[in-house]
Amino acid sequence: MAAKEGSAAAPYLNLLVTMVMFGSAFASSKVVVGEMPHEVAAALRFGGGGLLLIILATVFRGSSRPIGRAAAVRAGLVGLLGVLAYNIFFFWGLSLAPSLDGSIIVPVLSPILTTATVILLGRERATWARIAGLAVGATGALLFFLGIGGDAAGSTQLIGDLIFVAGAACWAAYSILSKSLLAGVDPLRATAWGTGIGGLGLTLLAVPAVADVSWQSVSGPAWANVIFLAVGPTAIAYLFYYRGLRSVSPSTATIMMFTVPVFGSFSSTLFLGESFTGIQLIGTLIMLGGALFAVLGNRPLRQLRGSRFRSTA
């Protein structure tokens, strides 16, 4: 019984580790883009993370299944979406808007977009509760943007927040496509291929911006954050995310994304002193509630009624 419970909980523990790493990445990445172009910051993070994963896959090749050419191609294509495209928007948004905004917009909108997509594709049922949740979540997102207000609405912050929305769309697509990729594929090798190909693409895009970096003036804390981003929110986080997605559906996996704003807001407030307006806080809570209903539908109510019935029986 204990073994079965442990194995059932393992995917969610893997995803929780991922979300802790993802939450910390916003503030950490903001420090890095403050001292170098966002293209270079993204390339350093995923170039280092991809290299680390390739080394791990090589070291443990004897204990993992060969990935195969077709699966390697699929992993690379998904990596172009979840690593290359997502992180172009991720670091670009961080160069224009507070990290606190990204830590809310990306992880809260991703489940909404993921659920809307799988419903439209007919992969999951469209209940009234889920449709209402999507509408409420979209209303909360609109309120969050309206809460920027003042001069900020015409500044780079609004542009950066809209870029974060594009990043959330990339991550939603990545979550959906990764599910089909993972069937029968070793997670370490799949992660190494996807992150390596995506990191290579980011490196090529960063080449023109390398000349703009004053390497001798990059501070020690910035380099420390580069190393942390490569190891924690990249190598460890992507590997654990792949492992979690092997056993749960994309929309269920993204429920765990609701913990990222907590970790991200804590990091941004503690280390960067960032904050948001009261209207944005209300919009965030509405988004979270809508996203929760969009993903879960009326399952919590059914489970509650079922538990009451069993207790009375």
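This text goes with the structure placed above it.
My aim in this report is to walk through the structure given alongside it, one point at a time. (Residues numbered from 1 in each chain as written. Predicted model: local features only at pLDDT ≥ 70, side-chain atom pairs only at ≥ 80, totals over all residues. Heavy atoms only, no water.)

## What about the overall build of the protein chain?
Counting its secondary structure elements, the protein chain contains 12 helices and 0 strands. Ordered by position in the sequence, the α and β elements of the protein chain form the string α-α-α-α-α-α-α-α-α-α-α-α. Per-residue burial over the protein chain gives 49% buried out of 313 residues. Within the protein chain, contacts between residues separated by at least 24 positions form 93% of all contacts whose residues are at least 6 apart in sequence. Accessible area for the protein chain stands at about 14200 Å²; split by element, carbon and sulfur atoms hold 71% of it. (Helix = DSSP H or I, 4+ residues; strand = E, 2+ residues; numbered from the N terminus. Buried < 20%, exposed > 50% of the residue type's maximum accessible area, 1.4 Å probe, protein only. Contact = heavy atoms within 4.5 Å. Areas by Shrake-Rupley, 256 points an atom, 1.4 Å probe, with all protein chains shown as cover.)

## Observations regarding the packing of helix 4 (residues 99-120) against helix 10 (residues 260-272)
Between two packed helices, the angle of one axis relative to the other and the distance separating the axes together describe the packing. Relative orientation of the contacting elements helix 4 and helix 10 amounts to 175 degrees, with a least axis distance of 8 Å. With respect to helix 10, the axis of helix 4 lies roughly antiparallel. Along the contact surface, helix 4 presents S99, L100, S103, I104, P107 and V108, while helix 10 presents V260, P261, G264, S265, S268 and L272. Grouping the constituent residues of the contact of helix 4 with helix 10 by class yields 7 nonpolar, 5 polar and no charged. (Axes fitted to C-alpha atoms, helices over the stretch in contact; angles between N-to-C directions. Parallel < 35°, antiparallel > 145°, perpendicular 65-115°, else oblique. Nonpolar A, V, L, I, M, F, W, Y, C, P; charged D, E, K, R; others polar.)

## Overview of a nonpolar patch on the surface
Taken together, the side chains of V17, I227, V231 and I236 define a hydrophobic patch exposed on the protein surface, amounting to about 290 Å² of accessible area. The element contributing the most residues to the nonpolar patch is helix 8 (residues 220-245), with 3 residues. Residue placement: V17 occurs in helix 1 (residues 2-33). (Patch = residues over 30% accessible without salt bridge, like charges linked within 9 Å, V, L, I, M, F, W, Y side chains within 5 Å. Salt bridge = Lys/Arg side-chain N within 4 Å of Asp/Glu carboxyl O.)

## Overview of the nonpolar core
Y86, W171 and Y238 are the most contacted members of the largest nonpolar core, which has 68 residues in total. Tallying contributions element by element places helix 3 (residues 69-94) first for this core, with 11 residues. (Core = buried A, V, L, I, M, F, W, Y, C linked by side-chain atoms within 4.5 Å.)

## So, the environment of P221
Along the chain, the position of P221 falls in helix 8. Assessed through its relative accessible area of 52%, P221 is described here as exposed. Between the alpha carbons of P221 and V31 there is a distance of 8.1 Å; along the sequence they are 190 residues apart.

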